[in-house]
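# Geometric and topological summary
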Amino acid sequence: MRESKTTTAVMVAICVAPLTLFAEEGSGRLGPNFLHVEPDTGTLLVLCEKSDSIARIDVRTGAFLAESDIGVAPFAVCAHPSNNRLYVSCRRGQEVVELDASSLGVKRRFSVLGDPTGLTVSGDGTRLYVGVHSLDQLAVFDLESGEEIKRLSVGNGPEMVRLVPGKGQVYVTHLLSNPVRADQPCRNEVTVIDDATGRIVDRIILENANVGRWIDFTADEMLGVVVISRPKNLVPMVQVARGWVVTNGFALLGAEAAGEPVQLLVDLPNEGFADPYGVVFAADDRKFYLTASGVDTVVVVDVGRVGTVLSEVGEDDLTDLANHLGVSRRYVTARIPVGANPMALAASDDGRWVYVANRLDDSISVIDTTTDRVVRTLVLGDPPPADRLHRGERFFHSSAKTFQRQFACVSCHPDGGFDGLVYDLEPDGLGENIVDNRNMRDVVDTGPFKWVGTNPDISTQCGTRTAKWIVRTGWLSSTGVVDLSNYIKSIPPVVNPYRSPDGRLTAAQRRGKALFDRTTLNDGTPMARKDQCAFCHAGPKFTDGRRSDVGTKGSGDTKTAFDTAHLNNIFESGPYLHDGRAATLEEIWTKYNLDDRHGISSDWTKQQLNDLVEYLKCL
């Protein structure tokens, strides 16, 4: 958006007071989670995940121009090169919606197997690239026919998809680390696809990084930035007291040394800036803006000062910089307070204004990049008073109650799920009883909690134990713990691409179910109940809520019996077993059940194992 002098004058003259834009009274929360500036019009498109809608607002006058219901849980939007069409991914709706760019009316819907995330249109406007988080794939659609033409295997949990037209490449960021051994640090990936051929040409590895979110490039496309976190999950959690369990920052693409991207932090020695999410270049690419969603702050990074810092160190010192909590003072020029849980960012075409979507208070902050201050807050609709679920959701996404604000619940459970890592928690002994992080989606009625089953309910799991051993602060009041627990219990399951909408099983899944339910061995010998899968994995969540010794005690474990894991949506919760040693479902039996204590698997054929895995993935 190239803003006129009149536009600039209007923006400068507007006070900081909130401005109500749209939504009928009592319509509920909107949850703005993605922004897109429309070129040359002075308008802003806002995706609202809680109201399943897209809205257009005029940021110069505050006028509400249009709104359209589109699909369940819209995630991202992109424009066709012609600017006459828009594409919106609807994550829980399992579809991409094509909109008329003028009216925001729905033109077509493209069904997507899985949960679509980031998306972009090819440079020639003929194809659409769509990330599919749950399947670690990039789906490619032909836009003339609307048909899916192929899928590419990318990294773990594709997040944002960005076309860099001058390079003729598509970049894909990923929420989770690529699979690594439980005793190895995480490795996040940025996948690069050649736009002309539709083939993967590079896999950029961000060592020790996880939770890759947004990506942006300078106008000349010479420098890119990806927001990341850097978990120290292999270090005992006593490091919370030293400000060094999860650090937060960014990776620079195009400033490589020795072929590796440069990583830097935005934290301070005594203050974390948790959960970086959105990023955008502005002010003639002299600065980029990054949302620290866990602390309700936008961090401003001076690109020139970053260059100065990098010029003063050798290649061997870059790893030290990536762990340096004090160096951010040299290149972070502002830390701007905004609304609750800021996520998406967008910049005006001239780089003068940066817009911030504050997801948990239904507002948009407008930042003047000449002063790096919020000059205006647009309140979307009439947000209702906070109820217990909303209060709990705020607790889940806020690091305010953690020692030095280092991390929030969502830091280790991004998108309400899990980060795929293992942790060394202090109460179980340092260097002992390493545990795999557990998925928070659909955990209601799956107690007890902890891998050794010592916490009977979620409130116990999130109460005194969390205060003492994890966040290291006074934590929440008893009411706050209940609110947080209620929110966690409300987190829905992920869309399961292996489950038929009508509940019917495939032939392989039926055979797998028969093996799961069997009471006799292949030769007809009756099986003891304890050896039957369905005995321990019973009920609607496939758990009996008890501890069992199935021979999985590791060399660092002091216990032998572990909580029976629930199996709902187990397809997405790898690695497996209590300590994450099994990289795949297959490995549970092929590598770690040699004595038949975790079910009798020694008489299975390879086909039976494959069928069982197909059945488990559909649960």
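Worth saying up front: this structure is predicted, and the values here are computed from it rather than measured. (Residues numbered from 1 in each chain as written. Predicted model: local features only at pLDDT ≥ 70, side-chain atom pairs only at ≥ 80, totals over all residues. Heavy atoms only, no water.)

## Details of the overall build of the protein chain
Along the protein chain, the regular secondary structure elements total 12 helices and 33 strands. The globule rule puts the C-alpha radius of gyration for 619 residues at 25 Å, and the 25 Å found for the protein chain is close to it. Put simply, of all contacts in the protein chain between residues at least 6 apart along the chain, 53% involve residues at least 24 apart. Accessible surface, the protein chain: about 24300 Å² in total, of which carbon and sulfur atoms supply 50%. With 65 positive and 81 negative side-chain charges, the protein chain shows a spacing of 4 Å between the two charge centroids. (Helix = DSSP H or I, 4+ residues; strand = E, 2+ residues; numbered from the N terminus. Rg over C-alpha atoms; globule rule 2.2 N^0.38 Å. Contact = heavy atoms within 4.5 Å. Areas by Shrake-Rupley, 256 points an atom, 1.4 Å probe, with all protein chains shown as cover. Lys, Arg positive; Asp, Glu negative; His and termini not counted. Charge placed at Lys NZ, Arg CZ, Asp CG, Glu CD.)

## Concerning the pattern of salt bridges
Summed over all chains, the structure comprises 34 salt bridges. Close ionic contact of glutamate 49 with arginine 359 constitutes a salt bridge, the shortest N to O distance being 2.6 Å. Residue glutamate 49 is located in the loop between strand S3 (43-48) and strand S4 (53-58), and its partner arginine 359 is located in the loop between strand S27 (353-358) and strand S28 (363-368); the two are separated by 310 residues in the primary sequence. Given the relative accessible area of 26%, glutamate 49 is considered partly exposed. Given the relative accessible area of 5%, arginine 359 is considered buried. As a salt-bridge pair, glutamate 393 and lysine 50 come within 3.0 Å of each other at their nearest N and O atoms. Of this pair, glutamate 393 sits in helix H4 (residues 388-397) while lysine 50 sits in the loop between S3 and S4; the two residues are 343 residues apart in sequence, bridging distant segments of the chain. (Salt bridge = Lys/Arg side-chain N within 4 Å of Asp/Glu carboxyl O. Buried < 20%, exposed > 50% of the residue type's maximum accessible area, 1.4 Å probe, protein only.)

## A short note on the domain arrangement of the protein chain
Accessible area lost upon the coming together of the parts serves often as the stated size of an interface. Once the domains are mapped, the protein chain shows domain 1 (32-207), domain 2 (390-490) and domain 3 (507-617). Taking only C-alpha atoms, the centre of domain 1 and the centre of domain 3 are 37 Å apart. (Domains from an automatic or database assignment.)

## Notes on the packing of aromatic side chains
Aromatic rings considered in pairs are described by the distance between their centres and by the relative angle of their planes. All told, the structure shown has 12 aromatic pairs when counted by the stated rule. Measuring from ring centre to ring centre gives 5.1 Å for phenylalanine 250 and phenylalanine 288, while their planes differ by 80°; the resulting arrangement is edge-to-face. Residue phenylalanine 250 is located in strand S20 (residues 246-257), and its partner phenylalanine 288 is located in strand S23 (residues 287-292); the two are separated by 38 residues in the primary sequence. Residue classification places phenylalanine 288 among the buried positions, given a relative accessible area of 1%. Taken together, the ring pairs connect Phe250, Phe281, Phe288 and Tyr331 into an aromatic cluster. Here the guanidinium or amino end of arginine 438 rests over the ring plane of tryptophan 451, the centre of that ring lying 3.9 Å away. (Phe/Tyr/Trp six-rings, centres within 6.5 Å; stacked < 30°, edge-to-face > 60°. Lys NZ or Arg CZ within 6 Å of the ring centre and 35° of its normal.)

## Examining the confidence of the model for the protein chain
Of the residues in the protein chain, 95% have a pLDDT of 70 or more, and the chain-wide mean is 91. Taken together, the stretch residues 1-27 has pLDDT below 50 and engages in 70 contacts with residues farther than four places along the chain or on a different chain. (pLDDT = per-residue confidence, 0-100.)

## What about the nonpolar core?
With 78 residues, the main nonpolar core has Leu44, Leu128 and Phe250 as its most contacted residues. In terms of residue count, the dominant contributor to this core is S3 (five residues). With residues up to four places along the chain from it excluded, the contact list for leucine 44 reads Leu35, His36, Val37, Ala55, Arg56, Ile57, Val59, Ala346, Tyr355 and Ile364. Membership of the second largest hydrophobic core comes to 30 residues, among which are Trp475, Leu484, Tyr487 and Ile491. (Core = buried A, V, L, I, M, F, W, Y, C linked by side-chain atoms within 4.5 Å.)

## A short note on the pairing of strand S26 (residues 342-347)
With six of its six residues buried, S26 lies for the most part within the structure. In this structure, S26 lies alongside S27, joined through four bridges in antiparallel fashion. Note that in S27 the partner of alanine 347 across the bridge is valine 354. The antiparallel hairpin formed by S26 and S27 contains five residues in its connecting segment, where glycine 351 sits at a positive phi of about 75°. (Pairing = 2+ DSSP bridges.)

## Some points on the pairing of strand S14 (residues 158-164)
The buried count for S14 comes to six of seven residues, which makes it a mostly enclosed element. Direction of pairing for S14 relative to strand S15 (residues 169-174): antiparallel, over a ladder of five bridges. Bridge pairing in S15 places proline 158 opposite histidine 174. Between S14 and S15, which pair antiparallel one after the other, the connecting turn spans four residues, and glycine 168 there sits at a positive phi close to 65°.

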